[in-house]
Amino acid sequence: MNRKIIASLTILIASLNVKAAKLVFTSEKTPTYNKTDKKFIKYVKYKNQAVEYSDGIGITDGTLDFENLEMYAGYKEKPKLWVYDGWKTNSYVKSSEYSGGHLVEVYRAFSLGAGGMGKYKDNVYSTVLIAESPLLPKGLFSSSYTIQDDYRYYLGKNSIYFRNVINEIAVGDVASPRFYSGKTTDNNWLIFQSMGNPVRANSKDWIVKNTDGSLINTVIPTFETIHFGMFGEEIQKLMRSEKVRVGQYACSRDGYQNSVKDVTSLITESIRKNVRTDTAAGLGEVMDNGKKEELHCVFPAAKEDSIVYPLYSRANSVYENGQVMRFQKGNKLKMDDGSIIPDWTIASGTSYSSPRITGGARQVAELFPGITYHEVKQFIFTTASRENDNLDNILGWGIADIGKAKRGIGSLNAGLVEEQKFFTGMYDRVKGKDGMPFFWVEIQEGKEWNWDNDIQGSMTKKPQGKTCYNMLVDTVDKNTGYTNATGEKNAVIENMCIQNFIPSEKNFYRDINDIETLTGLRKAGKGRLNIFGKVEIDGVIQVLEGEMSICSDVNTEIEVYENSKILVNSDKNRKINIKKIAVLGGNIDLKGNVNIREMYLENGELKNISAEGNVVVRKLYVKNRKQIEKLKKYLDSNKLFTVREFGTDRKNYENVVINPDKTMDIPREYFMSNFGNKITGYTANSEIYDKLVKKYERIDGMPENIKEIVPGYSKGIFRLDVDSDTDSFSKEDFVNGTGNYIKNAQEMVKTLNKKYYFIRQD
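Here the structure is a predicted model, which means the values were calculated and not measured.

## What about the overall build of the protein?
When you go through the protein residue by residue, the secondary structure sums to 20 helices and 42 strands. Burial analysis of the protein (762 residues in total) assigns 61% to the buried set. Intrachain contacts of the protein at a sequence separation of at least 6 include 74% that bridge at least 24 residues. Surface exposure of the protein reaches about 30,400 Å², of which carbon and sulfur atoms provide 46%.

Set out below in structure tokens:
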């Protein structure tokens, strides 16, 4: 048979048998682009992990002093408690009787952030079981109890490189329950942790061990800063996924003159109009209340104080206002308008910024039905106000702007999206088979989301080099053998340099040659997503189910699959420009002044498209010339829209195939439990350290690219080991250091199999 005839028949058959591309769920194993991810894939029965109105909101500082709650938070009833049988005998509870009014101040901050406590009376709870409580109810959790992690031995040559495993050292301070066991991979939590307050250099309790006596520019390291050098990239990502470290800023008209950092320029109009706080300009009012001068906002720490900065926590840190009113008998609070309020003052701290942003997070969640807790985090991080388009050692993501977060996401960042791969059934949803990450939007039938913000892709200004700090680390009390807490006896190690970029942060930054950094958007669910801002992303938009309404420019390809619809709506005074629409079986509704650079018709027909107004398609693609001739005739008679040019494209769009149970998890090797996958005990001795060296190897035996992540390491030397203020190394103390993160670890082990429940307070 003639080759031309065969080719013609092939085209004809293909055109007659075109099947619309669609979303397909399968029970078969699906491809995994990333080789590292492939090692950790497992299949877990999918559960809907959306935020529910009944979810808990934990607000705690580790104490139970609710005296004057109504005066501070405007709510009389004490919150319920999260406990287990025998909780009152827990040794930590016995030592937590003193509050001094701190807890009710914490609740005031939450109330201001949430827009009031009353509507959450059935959600809010407290607990004294913080570090030793491995099981939290589903929901938000704010801890205003800072377990400062400055454990020195993890920064020296004798440290261990564990690679990608979960163990006791990875548990950390107020960790997600998944770090205690492999019982769940659900995204059931978002934990807000106070970053910690500055330690005053002139404090009478402050004793520092340092050769030159200098306290200038001293930094207290965070958990991630201390630990990341000990673990592989995937554990670092998992550590960040469900935790937000919250720093503080404070505002006044003329105070804070000696602050370490001024952030007034980052306080946007949206922040001023939405953040309710306590300042001398007004109590419980928004910062811009129309009757006061511009407030001056800073990090409330002097340059000679010891300050907690994010450093390696920069990818999961953000700042929020940390001010609340405090009762102080005999004090006279002078307001900016000249009035005096007796017996009150203004306090600030991360104890208050954490619950305030927790209240804001709950408000964000309620505006987007079906949203997950990790997506709430993404909304908050990507809308934060920051100086540069990068993760900052000092600012993290920047100053939280809850008002902006309530208007939708600010960018589709591949580094954040990637973290969702660790949650039940989310792997295929957020990862294309070619490695492209997708922000997954699943909206229930009858529900709508409104995104008003302009939407960008991953960050563009990847930092280079190192920054050096004088770092505060702990010391051992020679009399008791216990590690001193921050604010007691400490050592300053000078010139502890950290990398301004580490490999686990790769996907936070756009690289046009790396598909894993180029984020797309997947719309699922039968509900509707309304996008009012401009979209400027590198990945494609896949409309898989339901509807998407577009009211501004989109500078990327939109793929419209079977069982879905897009609506492009422009008024007569504004033109909407769209880079490309691929019609793959879905429906298209175009109205107004619309300019489409390219359109592709999978089936070569226009039956799924309606148009009204001045709609121009600059180039229309189909499979073959025969379809072009047919379309020209149709458009000449129907005038559906104007086409400037026709072309052919043989590209085949495939179904989006998702295994709904595909999940990524990290193996557990709890070394105090004989390297098993369950915590069964707590034992610390030098023999365990020897076992760790044998199984994993010391950090000084690792390649340079791994050692360079350890703060203070350079060219074969660990600064911690050569500084004269460092305590001598102790194997047992190295292992026992985990007690800093699992407070009263023996008690914690006993609670692992306890049944937790709520009780009402008297």
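## What about helix 16 (residues 686–696)?
Within helix 16, burial applies to I688, Y689, L692 and Y696. The buried residues of helix 16 occupy one face: seen down the axis, they fall within an arc of 100 degrees. Exposed and oriented more than 90 degrees from the buried face of helix 16 are E687 and K694. For helix 16, the elements touching its buried residues are helix 19 (731–736). One or two positions beyond helix 16, positive phi appears at E697, with a value near 95 degrees.

## Observations concerning the environment of M426
Counting through the fold element by element, M426 comes out in the loop between helix 13 (414–419) and helix 14 (427–430). Assessed through its relative accessible area of 7%, M426 is described here as buried. M426 sits 380 residues away from Y46 along the chain, and the two C-alpha atoms are 8.5 Å apart. Filtering out sequence-adjacent residues up to four positions away, M426 remains in contact with Q420, W440 and K662.

## Overview of the pattern of salt bridges
Under the counting rule described, the total for this entry stands at 37 salt bridges. Residue E366 pairs with R362 through a salt bridge whose shortest N-O separation is 3.0 Å. Within this pair, E366 and its partner R362 are both found in helix 10 (residues 350–367), separated by four residues, close to a single helical turn. For R362, a relative accessible area of 2% puts it in the buried group. Of the charged contacts, one joins E645 and K619 as a salt bridge, the two residues approaching to 3.3 Å between their closest N and O atoms. Within this pair, whereas E645 is found in the loop between strand 36 (642–643) and strand 37 (646–648), its partner K619 is found in strand 35 (residues 615–622), the two being separated by 26 residues in sequence.

## A few points about the nonpolar core
Grouped together as the largest cluster of nonpolar side chains are 92 residues, with contacts concentrated most on F379, I380, W451, L521, M599 and I609. The element that contributes the greatest number of residues to this core is strand 31 (residues 575–584), accounting for six residues. Ranked by size, the runner-up nonpolar core spans 86 residues in total, among them I160, M287, A301 and M702.

## Considerations on the state of the cysteines
Evaluated as defined, the whole model comprises two disulfides. Paired by a disulfide, C251 and C297 hold their sulfur atoms 2.0 Å apart. Linking C251 and C297, the disulfide has an S-S dihedral of approximately 110 degrees and is accordingly described as right-handed. A residue pair is termed long-range when its members are at least 10 positions apart, and C251 in strand 10 (residues 243–252) and C297 in strand 14 (residues 296–302) qualify at 46 residues. In this pair, the class of C251 matches that of C297, namely buried.

## Things to note about the packing of helix 5 (residues 102–114) against helix 10
The contact between helix 5 and helix 10 brings their axes to 7 Å, and the two run at 35 degrees. Considering how the two elements wind past one another, helix 5 and helix 10 form a crossing that is right-handed. Listed contacts from helix 10 to H102, E105, V106, A109, F110, L112, G113 and A114 of helix 5 are S351, Y352, P355, R356, T358, G359, G360 and Q363.

## Section: the sheet that holds strand 20 (residues 448–451)
The strand order 20-25-28-30-32-34 describes an open sheet built from six strands, whose pairing is parallel. A single partner strand is all that each edge strand has here, and the edge strands are strand 20 and strand 34 (609–612). Sheet twist, expressed as the average angle between the axes of neighbouring strands with direction ignored, equals 10 degrees. For strand 30 (residues 564–569) and strand 32 (residues 587–591), the ladder comprises five bridges, and the chain directions are parallel. Note that in strand 32 the partner of I566 across the bridge is I588.

## Quick notes on the side chain of T372
Here T372 lies in the loop between helix 10 and helix 11 (373–382). Among all residues touching T372, those that are not within four sequence positions of it are Q49, A50, V51, N187 and Q420.

Conventions we followed
Residues numbered from 1 in each chain as written. Predicted model: local features only at pLDDT ≥ 70, side-chain atom pairs only at ≥ 80, totals over all residues. Heavy atoms only, no water. Helix = DSSP H or I, 4+ residues; strand = E, 2+ residues; numbered from the N terminus. Buried < 20%, exposed > 50% of the residue type's maximum accessible area, 1.4 Å probe, protein only. Contact = heavy atoms within 4.5 Å. Areas by Shrake-Rupley, 256 points an atom, 1.4 Å probe, with all protein chains shown as cover. Arc of directions from axis to C-beta. Salt bridge = Lys/Arg side-chain N within 4 Å of Asp/Glu carboxyl O. Core = buried A, V, L, I, M, F, W, Y, C linked by side-chain atoms within 4.5 Å. Disulfide = S-S within 2.5 Å. Axes fitted to C-alpha atoms, helices over the stretch in contact; angles between N-to-C directions. Left-handed = near helix turned anticlockwise from the far one by under 90°. Pairing = 2+ DSSP bridges.

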